[in-house]
Amino acid sequence: PELSRRFTERKRCADPECSKLMCRGKAMKDFQGPDCRFVNFKKGETVYVYYKLIGMSTELWAGSIGSDFGYFPKDLLEINHNYTNEELELPTEVSLICY
């Protein structure tokens, strides 16, 4: 199905497994994603960023709010803390699949 395709070929992470936090920020407005690969949030919520997809016109980042994990447009986040300045460029695997 369409939803199992990758958004982009490359991503930036803080470590080879993309398991370390890169930064955190505050949501500048409410976001409701188009499908289950996206994380929804409300304005003012803290969002933790694990990796950044690159090579797209509107860059998507992947992160978590509580126990929810998914993609969101980076433009909606106001960064207030960087955990690392190191960024590795890695190939992306197939995106999350919606059922």
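Procedures and definitions
Residues numbered from 1 in each chain as written. Predicted model: local features only at pLDDT ≥ 70, side-chain atom pairs only at ≥ 80, totals over all residues. Heavy atoms only, no water. UniProt positions renumbered as here; feature names shortened; annotations may be inferred. Phe/Tyr/Trp six-rings, centres within 6.5 Å; stacked < 30°, edge-to-face > 60°. Helix = DSSP H or I, 4+ residues; strand = E, 2+ residues; numbered from the N terminus. Buried < 20%, exposed > 50% of the residue type's maximum accessible area, 1.4 Å probe, protein only. Lys NZ or Arg CZ within 6 Å of the ring centre and 35° of its normal. Pairing = 2+ DSSP bridges.

- If you look the protein chain up in an unreviewed UniProt entry, it shows as Transport and Golgi organization protein 1 homolog from Odontophorus gujanensis.
- In its Sequence similarities (unreviewed entry) section, the UniProt record describing the protein chain reads: "Belongs to the MIA/OTOR family. Tango1 subfamily."
- If you open the UniProt record of the protein chain and go to Subcellular location (unreviewed entry), you find "Endoplasmic reticulum membrane".

## Let's talk about the packing of aromatic side chains
- Per the counting criterion, the structure on display carries seven aromatic pairs.
- Measuring from centroid to centroid gives 6.4 Å for Phe 38 and Tyr 71, while their planes differ by 70°, and the two rings are edge-to-face. Residue Phe 38 is located in the loop between strand E2 (23-27) and strand E3 (46-54), and its partner Tyr 71 is located in strand E5 (residues 68-73); the two are separated by 33 residues in the primary sequence. Across the pair, Tyr 71 and Phe 38 agree in class, each one buried.
- Connected via pairs of aromatic rings, a cluster forms that spans Phe 31, Phe 38, Phe 41, Tyr 50, Tyr 51, Phe 69, Tyr 71 and Phe 72.
- Looking at Lys 11, its charged tip hangs above the ring of Tyr 51, at a distance of 4.4 Å from the centre.

## Focus on the pairing of strand E4 (residues 60-65)
- The element E4 is extensively covered by neighbouring structure, given that six of its six residues are classed as buried.
- Pairing analysis gives four bridges linking E3 to E4, with the strands arranged antiparallel. Bridge pairing links Lys 52 to Trp 61 in E4.
- Examined bridge by bridge, E4 and E5 share six bridges and lie antiparallel to one another. Bridge assignment links Ser 64 to a residue of E5, and that residue is Phe 69.
- In this structure, the hairpin formed by E4 and E5 is closed by a connection of two residues, where Gly 66 is found at a positive phi of approximately 60°.

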